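# Architecture and fold: a report
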Amino acid sequence: MAVLQIATQPFADQRPGTSGLRKKVKVFQQPHYLENFVQSIFSAIPDRAGQTLILGGDGRFYNREAIQTILRMAAANGWGKVIVGRGGLFSTPAVSTVIRARSAHGGIILSASHNAGGPDHDFGIKYNTANGGPAPEKITDTIWAASKTIQGYQTLDSADVDIDQDGEFLLGDMRVEICDPVAEYVELMARIFDFDALRQLLQGPFRMRFDALHAITGPYAHEIFEKRLGAPAGTVVNGVPLTDFGGGHPDPNLVYARPLADHLFAEDASDFGAASDGDGDRNMILGRQFFVTPSDSLAVLAAHATAIPAYRQGLKGVARSMPTSQAADVVAEALGIAHYETPTGWKFFGNLLDAGKITFCGEESFGTGSDHIREKDGLWAVLAWLSVIAHTGQSVAEIVTRHWQRFGRHYYTRHDYEALPAETGEQIMQSITAQLPVLPGQTLAGRDIIMADDFTYTDPIDSSVSTHQGLRLLFADGARLIFRLSGTGTEGATLRIYHEYLEQDAQRQQQDPQRALSDLIRLGRDLTRMESLTGRKTPTVIT
Ligand code: G1P
Ligand code: ZN
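The text that follows walks through the structure, step by step, so that each part is easy to find. Since the model is a prediction, treat every value here as computed from it, not as a measurement. (Residues numbered from 1 in each chain as written. Chains lettered and ligands numbered in written order. Predicted model: local features only at pLDDT ≥ 70, side-chain atom pairs only at ≥ 80, totals over all residues. Heavy atoms only, no water.)

## Things to note about the environment of Ser270
Inspection of the secondary structure assignment puts Ser270 in the loop between helix H9 (258-264) and strand E12 (272-275). Overall, the relative accessible area of 9% leaves Ser270 in the buried class. Each C-alpha atom, one on Ser270 and one on Gly287, is 7.8 Å from the other, the two residues being 17 residues apart in sequence. Among residues more than four places away in sequence, those in contact with Ser270 are Arg207, Met208, Arg209, His263, Leu264 and Arg288. A distance of 2.7 Å separates polar atoms of two side chains, one belonging to Ser270 and the other to His263. (Helix = DSSP H or I, 4+ residues; strand = E, 2+ residues; numbered from the N terminus. Buried < 20%, exposed > 50% of the residue type's maximum accessible area, 1.4 Å probe, protein only. Contact = heavy atoms within 4.5 Å. Polar contact = N/O pair within 3.5 Å; in protein donor to acceptor, adjacent residues only side chain to side chain.)

## With respect to helix H8 (residues 217-228)
Since the α-helix turns once every 3.6 residues, residues separated by three or four places project in the same direction. Buried within H8 we find Thr217, Gly218, Tyr220, Ala221, Ile224, Phe225 and Glu226. Buried residues in H8 make contact with helix H4 (92-101), helix H6 (183-192), helix H7 (195-203), strand E10 (208-211), strand E11 (236-237) and helix H13 (378-392). Downstream of H8 by a residue or two, Gly230 has a phi angle that is positive, lying close to 70°.

## With respect to the pairing of strand E16 (residues 338-342)
Direction of pairing for strand E15 (residues 317-321) relative to E16: parallel, over a ladder of 5 bridges. Residue pairing across strands places Ser321 opposite Thr342, the latter belonging to E16. Taking the sense of rotation as the criterion, the β-α-β connection linking E15, helix H11 (residues 327-335) and E16 turns out right-handed. (Pairing = 2+ DSSP bridges. Right-handed = clockwise from strand over helix to strand, strands pointing away.)

## Here's the deal with the coordination of the zinc ion (ligand 2)
Bound to the zinc ion (ligand 2) are the protein donor atoms Ser113 (OG), Asp277 (OD), Asp279 (OD) and Asp281 (OD), situated 2.0 to 2.1 Å from the metal. Given 4 donor atoms and angles of 86 to 160° at the metal, the environment of the zinc ion (ligand 2) is assigned as irregular. The motif formed by the donor residues of the zinc ion (ligand 2), counted along the single chain, is S-x163-D-x1-D-x1-D. By the burial criterion, Asp277 is buried, and Asp279 matches it. (Donors = N, O, S within 2.8 Å, 3.2 Å for Na, K, Ca; no water. Tetrahedral: all angles 85-135°; square planar, octahedral: opposite > 155°, others 65-115°.)

## A few points about the sheet that holds strand E8 (residues 167-171)
The strand order across the open sheet built from 7 strands is E2-E6-E5-E3-E4-E9-E8, with neighbouring strands paired in mixed fashion. Two strands in the sheet have a free side with no partner beyond their single neighbour: strand E2 (21-24) and E8. Each neighbouring strand pair of the sheet contributes to a mean axis angle of 20°, computed without reference to strand direction. Of the strand pairs in this sheet, strand E4 (residues 81-89) and strand E9 (residues 174-179) are connected by 5 bridges, and their pairing is parallel. Bridge assignment links Lys81 to a residue of E9, and that residue is Arg175. Across the sheet, helix H2 (residues 33-43) touches E2, strand E3 (52-57), strand E5 (106-110) and strand E6 (122-129), and the angle it forms with E6 is around 10°. (Axes fitted to C-alpha atoms, helices over the stretch in contact; angles between N-to-C directions.)

## Description of the packing of H6 against H13
Interhelical geometry of H6 versus H13 gives an angle of 30° and a closest axis separation of 11 Å. The angle between the axes of H6 and H13 places the two elements in the roughly parallel class. The hand of the H6/H13 crossing is right-handed. Between H6, through Tyr185, Met189 and Ile192, and H13, the contact on the second element is made entirely by Leu379, Trp380 and Leu383. Of the residues in the contact of H6 with H13, the class split is 6 nonpolar, no polar and no charged. (Parallel < 35°, antiparallel > 145°, perpendicular 65-115°, else oblique. Left-handed = near helix turned anticlockwise from the far one by under 90°. Nonpolar A, V, L, I, M, F, W, Y, C, P; charged D, E, K, R; others polar.)

## A closer look at the sheet that holds strand E18 (residues 367-370)
Pairing is mixed across the open sheet formed by 4 strands, whose spatial order is E16-E15-E17-E18. Either end of the sheet is taken by a strand with one partner, and the two such strands are E16 and E18. In this sheet, neighbouring strand axes are inclined to one another by 15° on average, regardless of whether the strands run parallel or antiparallel. Running at roughly 170° to strand E17 (residues 360-363), helix H10 (residues 294-303) makes contact with E15, E17 and E18 of the sheet. Its contacts with the sheet place H11 against E15 and E16, and it is angled at close to 160° to E16.

As structure tokens, this is what we get:
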């Protein structure tokens, strides 16, 4: 098999975003588009020769074709071995697990996370490093730089290989191993959690429903909940991964996981409901007639961590992304452990986890995880919640309301305005940025603003600095209002507005968040001049 050197021209739009390169499938299908980006990744890893790479994706449209392309290119680029999940499948948390378990040099994950899939929707590719986590900005910047000057790529003159049978074979000089994408991940979960206690819970009268939304977690959830923990068949719904996710958005929130939410709010609701996203790193947690905000979820899990065997010794610290509510900080202070505030995106937790500064971390965007891997982990969060339920014997609603009584309730909501014209998104951010210096000292939404800035983060471990990570207004009573442009959207700009305030009075903790936060919501809309600039009266998605 000959190594081919194929000449190409750079594409101007291959800048990796919050989680790798995410574009419409049609963009990826342009001749040389995927190849250029893969070569740019490989060029950013000069010490790859002879090393092991993990490869898999969430099974969305174009996954299988991309696997074949990447295998040929990996062989031509000197990798020693590629471990592929059978069928080209791997959840993001499983790739992180296997990178670490096999001491691989890195991994490539094919996914556009929670974005829709299919020929007219999204595809994505991202590189994870040897710690199992998303490549840090240093590397993604190198990839981007390489993509701007690329003149060609190397690939192998070879036919497609069989990725559907477990086993090992050679592709050129490179070994390829096709493995069960589920097994190593499930073993890790069995080491972290008390599967006997969870089995008792799930084999009793307790009922749960897990909605895999026809995305990657189906096979993992069937294995864990139904096979290993003995939950009745039918506990996992939409468990077969489909290339278009059955036409839905594999996004575990109240809008896109509506049937699950409807079930949990119905008369005959299960006790517990959960869903994950396209690639399995997100989670949504529901109780009977109860929605747990991801910010609260992190705080509750931190407060109950010692109920889980792997964390029985307590947590080293916790971290949350900047727009995530401050609920976890309050728990950390009560526990006497450190807490950190990082920019949006899981990659910023990597250094803190590697340095042993934190054990749990989370984001408001349905991301929760721990130091067991270097990605957020949807099924881990579900198992953690089941562990807390089994340990306390309380319902989800009881666990959370008691938490609020003890620590206060951080009312929280995020409003997304999707697919705005890109210039409008920039214009809104610039106009709020221009006002930042004059906001402190003003009283808006009935509150005194004490600080307003554009969030800059200095990594406490390697001192790297990340600027322009979101505009934040902090009020004297601890309330916050935050504005950011999404780094993962594929259509125009998505503006996210995050609203938060802390209610200590238990008598006032049962309001509807949209109502409780209505003055901050109005202020957010006013500051963006959303209606006059875009004609939009309401957000696309409210969480
Ligand atoms: C979104 C979320 C962010 C998360 C990222 C990847 O990014 O807001 O918390 O890390 O997806 O799952 P955004 O579109 O806001 O840049
Ligand atoms: Zn995801």
